[in-house]
Amino acid sequence: MKPAPLPCLERAGLDSWMIRLFDRIEESNLAWLAALTRDCETAFGDMLVDLVPSYTTLLVVFDPLRISPCEARQQLIELLGRLEPVEADAGGTLHELPTWYDLQTGPDLPRVAELSGLSVPAVIEAHSNRDYCVFALGFAPGFAFMGLLDDALVCPRLDTPRQQVPAGSVAIAGRQTAAYPLVTPGGWNLIGRTPARLFDRHRDGLSLLRVGDRVRFVAVDQSTFEQLGGDTTPTAPASAP
Amino acid sequence: MISGFRVARAGPLALLQDAGRFGVRHLGITQGGPADLHAWAWANRLTGNDWGAAVLEVTFGGLELVAERDMTIALTGADLGIRHNQQPAPRWRTLVIRSGDVLSFSAPVSGLRAYLAVSGGFRGTAVLGSVASVTREQLGGFDGQGSSLRSGDRLAITRSEATGDERQAPEWEQPDYRHTATLDLLPGAQIAAFTGSSLFEAFNALWRVDQRADRMGVRLIGPALRCAVDSLISEGISLGAVQVPPDGQPIVLLNDRQTIGGYPRLGNLTPLAASRLAQCLPGQAVRFRATGIDRALRQHRDFLSRFR
């Protein structure tokens, strides 16, 4: 077992603490974050407003009338002092997400190719030839943060986010990949689109993907994409800053 | 269903808002709730409602409502040129309206968002424990889909009699939103990663509210801020976070913000400063003022304990 991490607490407004447990994205982070999430629920009870875990952090939002930031910090330090990782669950579900990689749906393919020094087909191959781990849900309902990307594909976000990213867009940024469940603004590089329904309020659990699941993107052609109900409306290029 | 109003004409955006949707942010579901907590809380207070009752948030104007019952209502927040049967409608106080009366919202005079509360509260369709309308997520509101009001909609209320005392908010609680706002900012963990001159600019420049401003976030235009950190591993974002993408132009994240993001942050506006910013029209100027946790907490606790 790896040694207990050295965490730090950062102020994130008058009703929140950001607990930073790690500085790198690793699958092994998940067991520690799950344990901390569970312990916060127990310790804070109904003083807790929300808990937002992500790759390396847990944002703890509390009711500032019920507990002061100073008291909350003291509680968190005590929790961190006796933190043990949860038992790793026996592997999450493997999802296959059919994906149409094309300039029409992935207008940033040329940018990624240029930054990586790969051809466009090699970018697609590098993205679709491995399984990804779901590290967190966030940004939008059912939006799953997945990793880790092939080193060659690592690339920065866009300098200016798009105002509207079409639903189903498959995207990469840093060492991460994701698929947009709904139309939202977004700053990631778009490389394709999936017809999968990633968020459904009527579905038990709401989100297709859950933390700990594994995901494989499977390249499909346009006709398969359309048969599966995919929307072929072209994506607008990124706006100039 | 008891209909309180019929929508005779829809405006650009009118949403039902309770205090917000909590406890589901780990699924990526945003908080929602009133963009201006101050005006929203006053609307409920004046009509005798509890904290958390659903109130109509009318952005910009354009809306026309016809009352279908006798009701006690209150209008707070922005002056959107609101008329009650052709006469200027009083704001920040209770108002008795009769079945058939017309309330019309024209366009911003001062501020951007007006709040309409009805005694007893509006009745929406709760989704995941809240009626807060989030259009992007299609959650909450009267229809459960987070929709903005449409022409012909009937707005459900919980009870129908015109009751309650006459109440009025003191004058000092009624902001003139045309003034340049000073927004209290609680510094965050990445503040030291900004260059010295950028920090000087951040707290001394006048920032102009951009057209790209909505319930999710407000982009500000001014000198480009430089930060040694380009991007972070995505992490949870709290209300009022002032994030700075690589183009150096801050974006203040409001109620409908994404739950997780990866841009470095100057810190967080206090909840009431975020509320104040939500009343600014594109083109208006604002400035940031650094505040400390003791002052910020005292101010917010004072506010909450008066209303909750």
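Numbering of residues begins from 1 in every chain and follows the order in which that chain's sequence is written. Going through the entries in the order they are written, you letter the chains from A and number the ligands from 1. Predicted model: local features are reported for residues with pLDDT of at least 70 only, side-chain atom pairs are reported and counted for 80 or more only, and whole-chain, interface and lining totals are derived from all residues. Side-chain figures throughout are based on the complete set of non-hydrogen atoms in the structure, without hydrogens or water.

### As for the nonpolar core
Argument step 1. Among buried residues, the Ala, Val, Leu, Ile, Met, Phe, Trp, Tyr and Cys ones that are joined through side-chain atoms within 4.5 Å form a nonpolar core. Between buried and exposed lies partly exposed: a residue is buried under 20% and exposed over 50% of the maximum accessible area for its type, with that area taken using a 1.4 Å probe on protein chains only. Among the nonpolar cores identified, the biggest contains 44 residues, and L220(B), L269(B), L277(B), V286(B) and F288(B) are the most heavily contacted of them.
Argument step 2. Each helix corresponds to a stretch of at least 4 residues labelled H or I by DSSP, and each strand to a stretch of at least 2 residues labelled E; elements are numbered beginning at the N terminus. For this core, the element with the most residues is helix α1 (residues 37-46) of chain B, which contributes seven residues.
Argument step 3. Contacts: residue pairs with any heavy atoms within 4.5 Å of one another. Sequence-distant contacts of L269(B), that is, excluding residues within four places in its chain, are made with L183(B), D184(B), L185(B), L239(B), G240(B), V242(B), V252(B), A274(B), L277(B) and F288(B).
Argument step 4. L97(A), L109(A), V112(A) and L198(A) belong to the second largest nonpolar core, which has 31 residues in total.

### Comments concerning the sheet that holds strand β2 (residues 13-17) of chain B
All names here are of chain B.
Argument step 1. One requirement defines pairing of two strands: DSSP has to find at least two bridges between them. The strand order across the open sheet built from five strands is β2-β3-β10-β5-β8, with neighbouring strands paired in antiparallel fashion. Each edge of the sheet is formed by a strand with only one pairing partner; in this case those strands are β2 and β8 (94-97). Across this sheet, the average inter-strand angle for adjacent strands is 30 degrees, counted without regard to direction. Helix axes are fitted to C-alpha atoms over the stretch in contact, other axes to C-alpha atoms as well, and angles between N-to-C directions run from 0 to 180 degrees.

### Concerning the domain arrangement of chain B
Residue and element names in this part refer to chain B.
Argument step 1. Domain boundaries in chain B define domain 1 (2-173) and domain 2 (181-307).
Argument step 2. Contact with domain 1, which involves 30 residues of that partner, is made by 22 residues of domain 2.
Argument step 3. Around 2100 Å² of area is buried between domain 1 and domain 2 when both sides are counted, 50% of it from carbon and sulfur atoms.
Argument step 4. The term salt bridge refers to a side-chain nitrogen of Lys or Arg lying within 4 Å of a carboxyl oxygen of Asp or Glu. Taken together, the connections running from domain 1 to domain 2 amount to two salt bridges.
Argument step 5. Ionic pairing is found between R215 and E57, a salt bridge with its closest N-O pair at 2.8 Å.
Argument step 6. For the purposes of these results, a polar contact is taken to be a pair of N or O atoms within 3.5 Å, where, inside protein, one atom must be able to donate a hydrogen and its partner to accept one; residues adjacent in sequence count only when each atom of the pair is a side-chain atom. Across the domain 1-domain 2 interface, the total number found is 15 residue pairs in polar contact (both at pLDDT 80 or more). All the domain ranges listed were derived from an automatic or database domain assignment. We define buried area as the total accessible area lost by two parts upon association, computed with a 1.4 Å probe and summed across both.

### Quick notes on the interface of chain B and chain A
Argument step 1. Counting residues at the interface gives 50 residues for chain B and 52 residues for chain A.
Argument step 2. Between chain B and chain A lies a buried interface of about 4000 Å² when both sides are counted; carbon and sulfur atoms form 62% of it.
Argument step 3. Looking only at chain B, the three residues that lose the most surface to chain A are L27(B), I233(B) and I260(B), adding up to 15% of its buried area.
Argument step 4. The interface formed by chain B and chain A holds three salt bridges in total.
Argument step 5. As a salt-bridge pair, R20(A) and E235(B) come within 3.0 Å of each other at their nearest N and O atoms.
Argument step 6. Only β15 (235-236), β19 (265-269) and α4 (293-307) of chain B provide two or more residues apiece to the side of chain B that touches chain A.
Argument step 7. Take the side of chain B that touches chain A: its biggest share by element is seven residues, from α4(B).
Argument step 8. Split into classes, the residues belonging to the side of chain B that touches chain A amount to 22 nonpolar, 18 polar and ten charged. Three residue categories are used. Nonpolar comprises Ala, Val, Leu, Ile, Met, Phe, Trp, Tyr, Cys and Pro, charged comprises Asp, Glu, Lys and Arg, and polar comprises the others, including Gly.

### So, empty space enclosed by the protein
Argument step 1. In the cavity and pocket records, a cavity denotes points on a 1 Å grid over the protein atoms alone where a 1.4 Å probe fits but cannot get out, a pocket denotes an open set with protein on both sides within 12 Å along at least 5 of 7 lines, and lining residues are residues with an atom within 4 Å of a point. Grid points are joined across faces, edges and corners, and a volume is the space filled by probe spheres set on the points. Taken as a whole, this structure holds one cavity of 30 Å³ or more when the rule is applied.
Argument step 2. In this model, the largest cavity occupies a volume close to 60 Å³.
Argument step 3. As for the largest cavity, its lining consists of E10(A), R11(A), A12(A), M18(A), G188(B), A189(B), Q190(B), R265(B), G267(B) and N268(B).
Argument step 4. Listed by contribution, the elements that provide at least two residues to the lining of the largest cavity are β1 (8-11) of chain A together with β19 of chain B.
Argument step 5. In terms of residues, the lining of the largest cavity owes the most to one element, β19(B), which gives three residues.
Argument step 6. Of the residues assigned to the lining of the largest cavity, the class counts are three nonpolar, four polar and three charged.

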